[in-house]
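# Coordinate analysis (summary)
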Amino acid sequence: MSAEIIDGKAFAAGLRERVGTHAGDFEAKAGRKAGLAVVLVGEDPASQVYVRSKGKQTVAAGMASFEHKLPADTSQSDLIAMVEQLNADPGVDGILVQLPLPDHLDEHTVISTISPDKDVDGFHVINAGRLAVGQSGFVPCTPLGCMMLLADRMGDLSGKDAVVIGRSNIVGKPMAQLLLDANATVTIAHSRTKDLPEVVRRADIVVAAVGRAEMVKAEWLKPGAVVIDVGINRLPPADGEDKGKLVGDVDFGGASEVAGAITPVPGGVGPMTIAVLLRNSLVAAYRNEGLDVPVDL
Ligand code: NDP
């Protein structure tokens, strides 16, 4: 059997297009553009690339992008003052502080300073709590993107057996919560799980968010399972290569012979993350102006 490839790149392009259309409607109704502020502290090269890409895509979607680049030695109090200024700015609907922060800064305190209603990354404990008790808030972008891909592929997830491998606050836990809200029967696996292959073999849906290259093997999967691979891992460069290949947490070659559908890496979950960030930012804008959020966002 050969699995259907879930094209996250195409789905993300469709979502960005819908965001673009609604961003235009929002501007017409509110008399201003929806705005996303991104704060980058220091010069981590990967973070610089992400921030540039977020800025470009925000503008391309017809929203305002505010980039705040602070030096690596910025103090905790200066960073908090910046976040508070953005909280108070009516032109800023979403605030994202790019992680990781330099070691001398306390991520938890900084994230807790962001207004929960502008916390478009969904990392604030208030939003984690809202998700846990089923209230509307902001859900972290990567798991929400995974849910969109699953719902698009499978429709109703009621009664499906789902296994999420990984229990981080930004991927595994919110993913499990979303699957539970969709009435799946959810198992969360982690580094202490006994006999992981056997646990995975029960699942109709497997979400791998581990950070270990090609760990999930074809033999672990139930035939026909839908596999969402969140992992992004770079293999060591092969002879003659500058950089190693990017791979997920699932052995794609083998798994795609057994699974019913699978996300590739790259081109699966990855492109969804920024598209959902734009979506969350526009949702924040509608809510901040007291307008109804469009149903197809
Ligand atoms: P974390 O390192 O925070 O969490 C990894 C989880 O995997 C932990 O819960 C850990 O268990 C579990 N784990 C580690 N080893 C094993 C093992 N051998 N068997 C079972 N479980 C194991 O990672 P993140 O959640 O932040 O990210 C996971 C992956 O997703 C990474 O590759 C990351 O790059 C990628 N990612 C991709 C994004 C995208 O946009 N596509 C966005 C965010 C992340 P324990 O808790 O017991 O230690």
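Let me sum up the structure you'll find in this document. (Residues numbered from 1 in each chain as written. Predicted model: local features only at pLDDT ≥ 70, side-chain atom pairs only at ≥ 80, totals over all residues. Heavy atoms only, no water.)

Secondary structure assignment for the protein yields 10 helices and 11 strands. Taken over C-alpha atoms, the radius of gyration comes to 19 Å for the protein, in line with the 19 Å a tight globule of 297 residues would show. Based on the C-alpha atoms only, the size of the protein along its principal axes is roughly 55 × 45 × 35 Å. Within the protein, buried positions represent 48% of all 297 residues. Long-range contacts, defined here as pairs at least 24 residues apart, represent 68% of the contacts in the protein between residues at least 6 apart. (Helix = DSSP H or I, 4+ residues; strand = E, 2+ residues; numbered from the N terminus. Rg over C-alpha atoms; globule rule 2.2 N^0.38 Å. Buried < 20%, exposed > 50% of the residue type's maximum accessible area, 1.4 Å probe, protein only. Contact = heavy atoms within 4.5 Å.)

Moving on to the packing of helix 1 (residues 8-30) against helix 6 (residues 141-154). Where helix 1 meets helix 6, the closest approach of the two axes is 11 Å, and the angle between their N-to-C directions is 105 degrees. Between helix 1 and helix 6, the angle is such that the two are roughly perpendicular. Contact residues: Gly8, Phe11 and Leu15 in helix 1; Met148, Leu149 and Asp152 in helix 6. When grouped by side-chain class, the residues that make up the contact of helix 1 with helix 6 number four nonpolar, one polar and one charged. (Axes fitted to C-alpha atoms, helices over the stretch in contact; angles between N-to-C directions. Parallel < 35°, antiparallel > 145°, perpendicular 65-115°, else oblique. Nonpolar A, V, L, I, M, F, W, Y, C, P; charged D, E, K, R; others polar.)

The next point concerns the pattern of salt bridges. Overall, the coordinates contain eight salt bridges when judged by the stated rule. Its salt-bridge partner being Glu27, residue Lys33 comes within 3.5 Å of it at the nearest N-O pair. On the basis of relative accessibility, which here comes to 31%, the residue Glu27 falls in the partly exposed class. (Salt bridge = Lys/Arg side-chain N within 4 Å of Asp/Glu carboxyl O.)

This next bit is on the side chain of Asp249. Here Asp249 lies in the loop between strand 10 (246-247) and helix 9 (252-255). Non-local contacts of Asp249, meaning those with residues more than four positions away in its chain, are made with Ala208, Ala209, Val210, Gly211, Arg212, Ala213, Glu214, Met215, Val216, Asp229, Gly231 and Asn233.

Further remarks concern helix 1. Helix length check: helix 1, at 23 residues, gives a terminal C-alpha distance of 31 Å against a target of 33 Å (1.5 Å per residue), a fit within 8%. What helix 1 keeps buried is the set Gly8, Phe11, Ala12, Leu15, Val19, His22, Ala23 and Phe26. Packed against the buried residues of helix 1 are helix 6 and helix 10 (270-288). Between the side-chain oxygen at the start of helix 1 and the backbone nitrogen of Lys9 there is a gap of 3.2 Å, and the oxygen is on Asp7. Of the residues trailing helix 1, Gly31 is marked for its positive phi of about 75 degrees. (Expected span 1.5 Å × (residues − 1). Polar contact = N/O pair within 3.5 Å; in protein donor to acceptor, adjacent residues only side chain to side chain.)

Distances and angles like these do not, on their own, reveal function.
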